Amino acid sequence: SMLAGKFSIALQSMNQMGTAAQNWGKNMQWAGRQLVIGFTVPLTIFAAVAVKAFQDVEKEIVNLRKVYGDFGTSDEEVERVTAEIKELSKAMTALGFTAKETIGVAAEAAAIGYVGDELVRVTEQVSKFAALGGMAQTQALTTLVSVNTAFGIEVKNLGETVDFLNAVENQTILSMQDMAEAIPITAAAVQGLGGDIKD
């Protein structure tokens, strides 16, 4: 009877160990699934987004190379400017613009005819102007091109113009958006009457 009792206890212990092992296995399976869902799925999504972003940037770079310069522009010059614009696009992410957007606006400026250091400066000032005004870089580009062509303001001095427009925004009821819309329409007329950007 004592032996039967010990045997029964041993049997019960073995059953409990078996159940525990089975439960442990189930828990391990559950933990494994959670790891797959918690880590692998987000990493897969992130990888897909990263690849798409990289492809978008590469498309804009190809577009920039297509429109940059003319028949006399050397491959070295194209590569140098492309590298500078890529570096600038990384810096402009601090202003809230993606690399794709900044390289895209550089391509638009290159298509208009800006080259070399002027292209880099215009792209930078356009991005700053757009960030200050809470507008798209393309609209900022249209405005600064109008300022540059109508008033003959050199690209190296566009930064001062952006600062002036920012000061006007801070001291009047006008927004940068208002000025961005008005300047392309009025610039030629104001210049024709002998006025400058401040007028």
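See the structure printed just above.
Residues numbered from 1 in each chain as written. Predicted model: local features only at pLDDT ≥ 70, side-chain atom pairs only at ≥ 80, totals over all residues. Heavy atoms only, no water.

A.B. asks: Help me out: how do you make sense of the overall build of the protein in this one?
C.D. replies: When its secondary structure is counted, the protein shows 7 helices and 0 strands. Overall, the protein shows an N-to-C arrangement of helices and strands of α-α-α-α-α-α-α. Per-residue burial for the protein yields a buried fraction of 31% across its 199 residues. The long-range fraction of contacts in the protein, counting pairs at least 24 apart against all pairs at least 6 apart in sequence, stands at 64%. Here the protein has roughly 12,400 Å² of accessible surface; of this, 61% comes from carbon and sulfur atoms. (Helix = DSSP H or I, 4+ residues; strand = E, 2+ residues; numbered from the N terminus. Buried < 20%, exposed > 50% of the residue type's maximum accessible area, 1.4 Å probe, protein only. Contact = heavy atoms within 4.5 Å. Areas by Shrake-Rupley, 256 points an atom, 1.4 Å probe, with all protein chains shown as cover.)

A.B. asks: Quick question: what am I supposed to make of the pattern of salt bridges here?
C.D. replies: Per the stated rule, a full pass over the model turns up 7 salt bridges. A salt bridge links R80 to E77, with the shortest nitrogen-to-oxygen separation between them at 3.3 Å. Here E77 and R80 lie together in helix α2 (residues 75-91), a separation of 3 residues that amounts to about one turn. For E77, a relative accessible area of 22% puts it in the partly exposed group. For E87, the salt bridge goes to K90, with nearest N and O atoms at 3.2 Å. Taken as a pair, E87 and K90 lie in helix α2 at a separation of 3 residues, close to a single helical turn. Among the charged side chains, a network of salt bridges with common partners joins E77, R80, E84 and D117. (Salt bridge = Lys/Arg side-chain N within 4 Å of Asp/Glu carboxyl O.)

A.B. asks: Before we go on, may I ask you to explain the packing of helix α4 (residues 116-133) against helix α5 (residues 137-151) in this structure?
C.D. replies: Each pair of packed helices gets described by two things: the angle between the helix axes and the distance between those axes. Remark: α4 packs on α5, axes separated minimally by 8 Å, with the N-to-C direction vectors making an angle of 115 degrees. It follows from the interaxial angle that α4 and α5 lie roughly perpendicular. Viewed along their axes, α4 and α5 form a crossing whose handedness is right-handed. Listed contacts from α5 to V122, Q125, V126, S127, F129 and A130 of α4 are Q137, A140, L141, T143 and L144. Taken together, the residues of the contact of α4 with α5 break down into 7 nonpolar, 4 polar and no charged. (Axes fitted to C-alpha atoms, helices over the stretch in contact; angles between N-to-C directions. Parallel < 35°, antiparallel > 145°, perpendicular 65-115°, else oblique. Left-handed = near helix turned anticlockwise from the far one by under 90°. Nonpolar A, V, L, I, M, F, W, Y, C, P; charged D, E, K, R; others polar.)

A.B. asks: Teacher, can you tell me more about the environment of V78 here?
C.D. replies: Residue position: V78 is located in helix α2. Residue classification places V78 among the buried residues on the basis of a relative accessible area of 12%. Setting aside anything within four residues of it in sequence, one finds V78 in contact with R65, Y68 and T73.

A.B. asks: Can you help me understand the packing of α4 against helix α6 (residues 158-171) in this one?
C.D. replies: Running from N to C, α4 and α6 cross one another at 5 degrees; their axes reach a closest spacing of 10 Å. Relative to α6, α4 is oriented roughly parallel. Contacts from V122, Q125, F129 and L132 of α4 reach α6 at L158, G159, V162, L165, N166 and E169. Here the contact of α4 with α6 is built from residues that sort into 6 nonpolar, 3 polar and 1 charged.

A.B. asks: Explain the nonpolar core here, please?
C.D. replies: In globular proteins that are soluble, nonpolar side chains generally tend to be buried together. Core analysis: the largest hydrophobic core is formed by 43 residues, its most contacted members being L64, I85, L119, V122 and F129. For this core, the secondary-structure elements that each account for two or more residues are α1 (2-67), α2, α3 (99-112), α4, α5, α6 and α7 (176-192). Not counting chain neighbours up to four residues away, the residues in contact with L64 comprise T82, I85, I103, A106, A107, A110 and L119. (Core = buried A, V, L, I, M, F, W, Y, C linked by side-chain atoms within 4.5 Å.)

A.B. asks: Got a minute to help me understand α4 in this structure?
C.D. replies: In an α-helix, one turn spans 3.6 residues; hence positions three or four apart end up facing the same way. Under the 1.5 Å per step criterion, the end-to-end length of α4 is 26 Å for 18 residues, consistent within 8% with the ideal 26 Å. The set of residues buried in α4 consists of G116, L119, V120, V122, T123, Q125, V126, S127, F129, A130 and G133. Once α4 ends, the next one or two residues include G134, with phi positive near 60 degrees. (Expected span 1.5 Å × (residues − 1).)

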